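The chain contents come next:
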Amino acid sequence: MERVVSRENMVAAWQQVKANAGAGGVDRKTVDATHRHLVSHWPGIAEKLVAGTYRPGAVRAVTIPKPNGGERLLGIPNVQDRLIQQGLSQVLGEVFEPKMSEHSYGFRRGRSAHDAVAAARDHVLSGKRYVVDLDLKQFFDQVDHDILMEQVKREVTDKRVLRLIGQYLRAPMVQADGRREKRQRGTPQGGPLSPLLANIYLTSLDRELEARGIAFVRYADDIQLYIGSLRAAERLLASLSQWLQRHLKLEVNADKSGRGPSDGATLLGFRLHANGEIDLAPRSLERLKDEVRAQWDARCSLPLTERPQRWREYLTGWWGYFRFATCWRQVCGLSGWIRRHQRKYFWLRWHHPRGRLRALQRLGIQGRALGQAWSRRGAWRMARHPVLHTALPNARLSRWGFGLPWHSAA
DNA sequence: CTGCTCACGTT
RNA sequence: GAGAACGUGAGCAG
């Protein structure tokens, strides 16, 4: 606990909380208001923390739409509690990080979704022709407090820390209409500590799978197993459902879970192929196209007079989308729009501090030729653009005329 | 190099 | 009105 309230740890935690610039919790204090409150009250709070008498506040319930149409229930702690949780998360992270599985990729420092997909690809390439998808029903809301605390106790002995974690887990949720709801299970989605707790909770599943010698990849609550035969896949799905129910009190979603051929399986927005190629999952591609179209219209209809105020926002986003659209016009069906707005594009490009320089130096000598030069020379750079790079990291790009090597199987 | 800001993606 | 973690890239300032 002393480590949590240490000066270095707390300033780091505060910077993180401030950088997120999130909304207030049930006390509706903003980040700024909390800062003013803390400069005078922090010593007292720290004292309570080391004495073990601190009491966390409730969390505010908010529902936000999920990308696929559903709703996600969030529990937003007060800014002050987010700060303390962040501080806890930082020191607990150091303790638990080395104990976690190599095959767990979500929420972990230095590990990305790309790593997870690459690992999955390697499993498929190594001859596992079937895949089992495990979808846990409402995972964050189903976490069992006692089981979780048992896991935490294996590495943490400080009673004050354990107590505090327990209280954060049990913090009641205040609905929009003011009703308070006690919680017996689950960890509030929205607390800085929750991602870490989720990983601690599921580490025992990782260990069980490793003990059984199963090839798998886990990204938070998204779990995929790679199996040699369909029969074995069926068996595993059944036996693991039971194991999860028994040891972690988790239900697997029978509708969304399943088993099938690994050729064409999707993971984290990507689609895997038996030959080791990776491309965008159909769903993600659709979402991407819709987004490009929407952004395109929105940015083009924004009057130029508003541009100066929103200069950077306007350009960084719009510019990227334009490049994407130019590149993918045949996919998105955007050629009409591009033709219509090309002049405006050149104009904006010219006024971008870096774009003007680049435009002169590397691409265009004059406006008319710019479009041509762009499509020829831009292809390679296009493939490195952030939007493309995160979304489309693979050999399949060669299909559209670009070669961006996805680092090959090591 | 290290501090902030601004985009995008996954859970 | 919308939280958190992680990842990537860009911009700015000493």
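Note that the coordinates shown come from a computational prediction; the quantities given were computed from them, not determined experimentally. (Residues numbered from 1 in each chain as written. Chains lettered and ligands numbered in written order. Predicted model: local features only at pLDDT ≥ 70, side-chain atom pairs only at ≥ 80, totals over all residues. Heavy atoms only, no water.)

Q: Any chance you could explain the protein's contact with RNA strand C here in plain terms?
A: Taken together, 27 residues form the shell around RNA strand C, and within it Asn20, Arg28, Arg60, Gln86 and Gly190 come nearest. When atoms of RNA strand C within 4 Å of the protein are sorted by moiety, sugar and phosphate together comprise 79%. Here Gln86 contributes a side-chain N or O atom positioned 2.7 Å from a phosphate oxygen of RNA strand C. In the environment of RNA strand C, a phosphate oxygen lies 2.8 Å from a nitrogen or oxygen atom belonging to the side chain of Arg109. Elements represented by at least two residues in the surface near RNA strand C include exactly helix H1 (7-20), strand S1 (59-65), strand S2 (71-76), helix H3 (79-96) and helix H16 (386-391). For the surface near RNA strand C, the element with the highest residue contribution is H16, accounting for 3 residues. (Near = heavy atom within 4 Å. Polar contact = N/O pair within 3.5 Å; in protein donor to acceptor, adjacent residues only side chain to side chain. Helix = DSSP H or I, 4+ residues; strand = E, 2+ residues; numbered from the N terminus.)

Q: For this particular structure, what's the right way to read the packing of helix H6 (residues 145-153) against helix H8 (residues 194-211)?
A: Packed helices, taken two at a time, are described by their axes: the angle between them and the distance between them. Direction vectors running N to C along H6 and H8 enclose 90°, while the axes themselves pass 9 Å from each other. In terms of orientation, H6 lies roughly perpendicular with respect to H8. Residues Ile147, Leu148, Gln151 and Val152 of H6 touch H8, and the partners they reach there are Leu197, Ile200, Tyr201 and Ser204. Grouping the amino acids of the contact of H6 with H8 by side-chain chemistry returns 6 nonpolar, 2 polar and no charged. (Axes fitted to C-alpha atoms, helices over the stretch in contact; angles between N-to-C directions. Parallel < 35°, antiparallel > 145°, perpendicular 65-115°, else oblique. Contact = heavy atoms within 4.5 Å. Nonpolar A, V, L, I, M, F, W, Y, C, P; charged D, E, K, R; others polar.)

Q: Just checking my understanding: could you explain helix H9 (residues 230-248) for this structure?
A: For an α-helix, the turn length of 3.6 residues means that residues three or four places apart are oriented alike. End to end, H9 covers 26 Å across 19 residues, agreeing with the expected 27 Å (1.5 Å per residue, within 8%). Looking at the buried residues of H9, the elements they touch are strand S3 (130-135), H6, H8, strand S7 (222-227) and strand S8 (258-261). A positive phi of about 55° marks Lys249, the residue just after H9. (Expected span 1.5 Å × (residues − 1).)

Q: Help me understand the sheet that holds S1, please; the structure alone is not making it clear to me.
A: Ordered in space as S2-S1-S4-S5, the 4 strands form an open sheet in which the pairing is mixed. Sheet topology places S2 and strand S5 (180-181) at the edges, where each strand pairs with a single neighbour. Of the strand pairs in this sheet, strand S4 (residues 173-174) and S5 are connected by 2 bridges, and their pairing is antiparallel. Note that in S5 the partner of Met173 across the bridge is Glu181. (Pairing = 2+ DSSP bridges.)

Q: Explanation requested: the packing of aromatic side chains in the structure shown.
A: Given two aromatic rings, one states the distance between the centres and the angle between the planes to describe the pair. One pass over the full model with this rule turns up 3 aromatic pairs. With 6.5 Å between their ring centres and 65° between their planes, Phe107 and Phe140 make a pair best called edge-to-face. Taken together, the positions of Phe107 in the loop between H3 and helix H4 (113-125) and Phe140 in helix H5 (residues 139-142) put the pair 33 residues apart, joining distant regions of the chain. Judged by its relative accessible area of 43%, Phe107 falls in the partly exposed class. (Phe/Tyr/Trp six-rings, centres within 6.5 Å; stacked < 30°, edge-to-face > 60°. Buried < 20%, exposed > 50% of the residue type's maximum accessible area, 1.4 Å probe, protein only.)

Q: I'm lost on a positive patch on the surface in this one. Help?
A: The grouping of Arg55, Arg163, Arg170, Arg180 and Lys182 at the surface amounts to a positive patch. Relative to the helices and strands, Lys182 is located in the loop between S5 and H8. (Patch = residues over 30% accessible without salt bridge, like charges linked within 9 Å, V, L, I, M, F, W, Y side chains within 5 Å. Areas by Shrake-Rupley, 256 points an atom, 1.4 Å probe, with all protein chains shown as cover. Salt bridge = Lys/Arg side-chain N within 4 Å of Asp/Glu carboxyl O. Lys, Arg positive; Asp, Glu negative; His and termini not counted. Charge placed at Lys NZ, Arg CZ, Asp CG, Glu CD.)

Q: How do you make sense of the sheet that holds strand S6 (residues 215-219) when you look at a structure like this?
A: Note on sheets: strands pair through backbone hydrogen bonds, and any given pair is parallel or antiparallel. Strand order in the open sheet formed by 4 strands is S6-S7-S3-S8, with antiparallel pairing between adjacent strands. With partners counted over all chains shown, the strands left at the sheet margins are S6 and S8, one partner each. The mean angle between the axes of side-by-side strands here comes to 20°, regardless of whether they run parallel or antiparallel. Note that S6 and S7 share 5 bridges and pair antiparallel. Within S7, the position partnered with Ala215 by the bridge is Tyr226. With respect to the sheet, H4 is in contact with S6 and S7, its orientation differing from that of S6 by roughly 165°. Here H9 sits on the sheet and contacts S3, S7 and S8; the angle it forms with S3, its principal contact strand, is near 20°.

Q: I'm lost on the environment of Leu83 in this one. Help?
A: Assignment of secondary structure puts Leu83 in helix H3. Note on Leu83: relative accessible area 4%, which makes it buried. Taking C-alpha positions, Leu83 is 39 Å from Ala265, a pair spaced 182 residues apart along the chain. Other than its neighbours up to four places away in sequence, Leu83 contacts Met10, Ala13, Trp14, Val17 and Leu38.

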